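Here is how the chains run, residue by residue.
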Amino acid sequence: MGRRQAPDLYRAPFPLYALRVDPSAGLLIVAGGGGAAKTGVKNGVHFLQLEQIDGRLSASLLHSHDTETRATMNLALAGDILAAGQDAHCQLLRFRPHQQKGNKAERAGSKEQGPQSRKGAAPAEKKWGAETQRDGVELKVENLQAVQTDFGLQKDILQKVVCFNHDNTMIATGGTDGHVRVWKVPSLEKVLEFRAHEDEIEDLSLGPDGKLVTVGRDRKAFVWQKDQLVTQLHWEENGPNFANTPYRYRACRFGQVPDQPTGLRLFTVQIPYKHLQQRPPCYLTAWDASTFLPLRTKSCGHEAVSCLSVSESGTFLGLGTVTGSVAIYIAFSLQGVFLCGCCSCYVLGLSL
């Protein structure tokens, strides 16, 4: 008997590239699209209500936000503000759920009901308005400021990553031109810009002390204090022997040390620099976030890792691969505890 495929939690009418979870509101936010190509595939951000029904997780569409010709490729969430990477731009969105007044009949006569997800099928097409409601809950989403965050000579300039700082007053962005740019929220006034890498920036992460870690396609990883270089990371110092296989950094994330309020760890993922017929393993490394020396490195499988996430408590790490697998590791030991090989799990933005 073959492996039984889990039912879909939700199926969007467009390719999904990013997701974020808002535990306080019970929201799952997914985004993507077909881009500017005239294929008929929409671009949007969908806000889903997560609920437990008969012991199973259910997701219902609360709001579908049209992003016109731009697909959202990366997301960062802080409170009620989303920072969405769309082509070479960053668009700030504010969402505000609140309870509707009046009875259900009155609401049904005056507002359009949001479609619910169906097991194994795409939701029915609806007009994409400014607000959608379900069971008395309304979600309003408004566009705030937008700014171009990536510049370059190549044709496909793109913002590849965005993250908030510890108090959510600023965001940092990185993209194909190798520059880090820091912006005030919500005005998106630029406060800092510097060249961090000779090639594309793959990922970046801001620590609570203001330090910034960047990883790039130039196979380098750096630690910055504002625009001043603090150190370069060298994961090979306690890593395996891979003399004939060049590696590059793919992802980086800061995470808390469980039961230590001021403790901090850094985690990075390294993947083979080139595609080889016999795929070498990828590696996961934990770092001391004060000395930036590697603590331990372990293999995390042969599938190319595309994203890394750290749980809020710092207990678990989540990895997603380009082939659709999802794995969970214990942050302290880097021991694997869960692996899902379902192809429907494919994500470019994993959220724990």
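Every value quoted in this text rests on a predicted model; they were computed, and no experiment measured them. (Residues numbered from 1 in each chain as written. Predicted model: local features only at pLDDT ≥ 70, side-chain atom pairs only at ≥ 80, totals over all residues. Heavy atoms only, no water.)

**Q** How should I be thinking about the overall build of the chain in this particular structure?
**A** From N to C terminus, the chain includes 1 helix and 25 strands. With 352 residues in all, the chain has 48% of them scored as buried. Counting contacts in the chain only where the partners sit at least 6 residues apart, residues at least 24 apart contribute 47% of the total. Total accessible area computed for the chain in this model is approximately 17800 Å², and 50% of it derives from carbon and sulfur atoms. (Helix = DSSP H or I, 4+ residues; strand = E, 2+ residues; numbered from the N terminus. Buried < 20%, exposed > 50% of the residue type's maximum accessible area, 1.4 Å probe, protein only. Contact = heavy atoms within 4.5 Å. Areas by Shrake-Rupley, 256 points an atom, 1.4 Å probe, with all protein chains shown as cover.)

**Q** Can you walk me through the UniProt feature "repeat: WD" (unreviewed entry) in the chain in this structure?
**A** Feature annotation in UniProt places "repeat: WD" (unreviewed entry) on residues 162-193 and 194-225, given in this structure's numbering. Between the end C-alpha atoms of residues 162-193 there is a gap of 14 Å, over a span that is 0% helix and 59% strand. With 0% helix and 59% strand, residues 194-225 has end C-alpha atoms that lie 12 Å from one another. (UniProt positions renumbered as here; feature names shortened; annotations may be inferred.)

**Q** What is the right way to look at the layout of surface pockets in this model?
**A** If you roll a probe as big as a water molecule over the atoms, it shows you where there is empty space left. The volume enclosed by the second largest pocket comes to roughly 310 Å³. Considering the residues around the second largest pocket, the lining is formed by 17 residues, among which M170, V182, L206, G210 and K226 are closest to the centre. Counting residues per element, the ones that place at least two in the lining of the second largest pocket are strand 11 (170-175), strand 12 (179-184) and strand 13 (190-195). Residues that form the lining of the second largest pocket fall into these classes: 10 nonpolar, 5 polar and 2 charged. (1 Å grid on protein atoms, 1.4 Å probe; cavity = no way out; pocket = protein on both sides within 12 Å on 5 of 7 lines; lining within 4 Å. Points joined across faces, edges and corners; volume = space filled by probe spheres on them. Nonpolar A, V, L, I, M, F, W, Y, C, P; charged D, E, K, R; others polar.)

**Q** I'm lost on the nonpolar core in this one. Help?
**A** In a soluble, globular protein the nonpolar side chains are often hidden away together inside. Counting residues in each nonpolar core, the largest one holds 17 residues, and the members touching the most others are F267, V269, L284, L308, L317 and L319. Among the elements of the structure, strand 19 (260-272), strand 20 (283-288), strand 22 (305-310), strand 23 (316-321) and strand 24 (326-330) are those that each provide at least two residues to this core. With 16 residues, the next largest nonpolar core counts W235, C252, F254 and W287 among its residues. (Core = buried A, V, L, I, M, F, W, Y, C linked by side-chain atoms within 4.5 Å.)

**Q** Would you take a moment to explain the pattern of salt bridges for this structure?
**A** Where charged atoms from two side chains of opposite charge approach closely, those side chains can pair. Summed over the entire model, instances satisfying the criterion amount to 15 salt bridges. The salt bridge involving R11 is made with D8; its shortest N-O contact spans 2.4 Å. By relative accessible area, R11 is classed as partly exposed at 36%. Residue D80 pairs with R96 through a salt bridge whose shortest N-O separation is 3.8 Å. Of the two residues, D80 is situated in the loop between strand 5 (72-78) and strand 6 (81-86) and R96 in strand 7 (residues 89-99); the sequence distance between them amounts to 16 residues. Residue classification places D80 among the partly exposed positions, given a relative accessible area of 28%. Taken together, the salt bridges that share partners define one network made up of K160, E200, E202, R217 and R248. (Salt bridge = Lys/Arg side-chain N within 4 Å of Asp/Glu carboxyl O.)

**Q** Just checking my understanding: could you explain the packing of aromatic side chains for this structure?
**A** When we look at a pair of aromatic rings, we describe it by the centre distance and by the angle of the planes. Applying the stated criterion across every chain yields a total of 6 aromatic pairs. A ring pair is formed by F194 and W224, whose centres lie 4.7 Å apart and whose planes are at 50°; its orientation type is tilted. Placement of the pair is F194 in strand 13 and W224 in strand 16 (residues 221-225), with a sequence separation of 30 residues. When sorted by exposure, F194 lands in the same class as W224, which is buried. Relative to Y247, the ring of W235 has its centre 5.6 Å away and its plane inclined at 70°; by these criteria the two rings are edge-to-face. Of this pair, W235 sits in the loop between strand 17 (228-232) and strand 18 (247-257) while Y247 is found in strand 18, placing the two residues 12 residues apart along the sequence. Among the residues examined, W235 registers a relative accessible area of 2% and is labelled buried. Judged by its relative accessible area of 6%, Y247 is buried. The lysine or arginine in question, R219, covers the ring of Y273, its NZ or CZ lying 5.4 Å from the ring centre. Above the plane of the ring of F332 lies R296, whose end atom (NZ or CZ) is 5.1 Å from the centre. (Phe/Tyr/Trp six-rings, centres within 6.5 Å; stacked < 30°, edge-to-face > 60°. Lys NZ or Arg CZ within 6 Å of the ring centre and 35° of its normal.)

**Q** Quick question: what am I supposed to make of the environment of D87 here?
**A** Its place among the elements puts D87 in the loop between strand 6 and strand 7. A relative accessible area of 33% places D87 in the partly exposed class. Residues D87 and D156, spaced 69 residues apart in sequence, show a C-alpha to C-alpha distance of 8.5 Å. Residues contacting D87, with those up to four places away along its chain left out, are R70, A71, I157, L158 and Q159.

**Q** For this particular structure, what's the right way to read the environment of W183?
**A** Within the element layout of this structure, W183 appears in strand 12. A relative accessible area of 4% means that W183 is categorised as buried. In this structure the C-alpha to C-alpha distance between W183 and T149, which are 34 residues apart in sequence, comes to 9.3 Å. Those residues in contact with W183, other than ones at most four positions away along the chain, are V147, Q148, T149, T169, M170, I171, T173, L188, E189, K190 and V191. Polar contacts involving the side chain of W183 include one to the side chain of T173, which spans 3.1 Å. From its side chain, W183 meets the backbone oxygen of R181 in a polar contact 3.5 Å long. (Polar contact = N/O pair within 3.5 Å; in protein donor to acceptor, adjacent residues only side chain to side chain.)

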